[in-house]
Amino acid sequence: MKACPNCGNTPIRFSQWNSGLSAFSHSCNACMTPLKANRTTWVCFFGTGALAIAVLAVAHLYFDITFERKGFMTFLLAAVPVLLGSGAAYWLGGYELDNGTGAAKD
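Residues numbered from 1 in each chain as written. Predicted model: local features only at pLDDT ≥ 70, side-chain atom pairs only at ≥ 80, totals over all residues. Heavy atoms only, no water.

Enquirer: So what's going on with the packing of helix α2 (residues 39-63) against helix α3 (residues 71-92)? Residues and values would help.
Expert: At a minimum axis distance of 9 Å, the contact between α2 and α3 shows a crossing angle of 160°. Overall, the two elements α2 and α3 adopt an arrangement that is roughly antiparallel. Note that α2 runs across α3; the crossing there is right-handed. The segment α2 lies against α3, with T40, T41, C44, T48, L51, A52, V55, L56 and A59 engaging T74, L77, A78, P81, V82, G85, S86, A88, A89 and L92. Here the contact of α2 with α3 is composed, by residue class, of 13 nonpolar, six polar and no charged. (Axes fitted to C-alpha atoms, helices over the stretch in contact; angles between N-to-C directions. Helix = DSSP H or I, 4+ residues; strand = E, 2+ residues; numbered from the N terminus. Parallel < 35°, antiparallel > 145°, perpendicular 65-115°, else oblique. Left-handed = near helix turned anticlockwise from the far one by under 90°. Contact = heavy atoms within 4.5 Å. Nonpolar A, V, L, I, M, F, W, Y, C, P; charged D, E, K, R; others polar.)

Enquirer: For the packing of aromatic side chains, give the residues involved together with the corresponding values.
Expert: Taken as a whole and judged by the stated rule, the model has eight aromatic pairs. Summarising the aromatic geometry, the rings of F14 and W91 are spaced 5.3 Å apart at their centres and angled 25° between planes, so their arrangement reads as stacked. Of the two residues, F14 is situated in helix α1 (residues 14-17) and W91 in helix α3; the sequence distance between them amounts to 77 residues. Judged by centre distance (5.4 Å) and plane angle (90°), the ring pair of Y90 and W91 falls under edge-to-face. Taking the relative accessible area as the measure of exposure, W91 reaches 55% and is therefore exposed. Cluster of aromatic residues (ring-pair linked, three or more members): F24, W42, F45 and F46. (Phe/Tyr/Trp six-rings, centres within 6.5 Å; stacked < 30°, edge-to-face > 60°. Buried < 20%, exposed > 50% of the residue type's maximum accessible area, 1.4 Å probe, protein only.)

Enquirer: Tell me about the environment of T40, and please be specific about residues and values.
Expert: Following the sequence through the fold, T40 ends up in helix α2. Exposure remark for T40: the relative accessible area of 34% places this residue in the partly exposed category. Distance from T40 to G93, taken between C-alpha atoms, is 5.0 Å for residues 53 residues apart in sequence. If near-sequence neighbours (up to four positions away) are discounted, T40 is found in contact with L92 and G93.

Enquirer: How would you sum up α2? Please name residues and give values.
Expert: The end-to-end C-alpha separation of α2 is 35 Å, in line with the 36 Å expected for 25 residues at 1.5 Å each. For α2, the full list of buried residues reads T41, C44, T48, A52 and A59. For α2, the elements touching its buried residues are α1, β2 (34-37) and α3. At the C-terminal side of α2, D64 shows a positive phi close to 55°. (Expected span 1.5 Å × (residues − 1).)

Structural data, given as structure tokens:
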């Protein structure tokens, strides 16, 4: 996770980042400045979703794995790219200042 653009500290822990919508809108733990996800975080989020869907599609088309027949395996197949993508987004992504209108402050 990149440093807070206001104070330079780590704005959020990995466990907090993975709970709810904290990855997209959060206040820095150190200075309480409102922050929003930067573009890298959004790209990782959508890339992770696409990868999880692709993994499930390949599992269904080539290995005949469906949720109805093998629910737990389907869950595990989707969980692997989601966890990897979540970690990548946390370490590659970051936040920018949120001035309340959805635009970043300069």
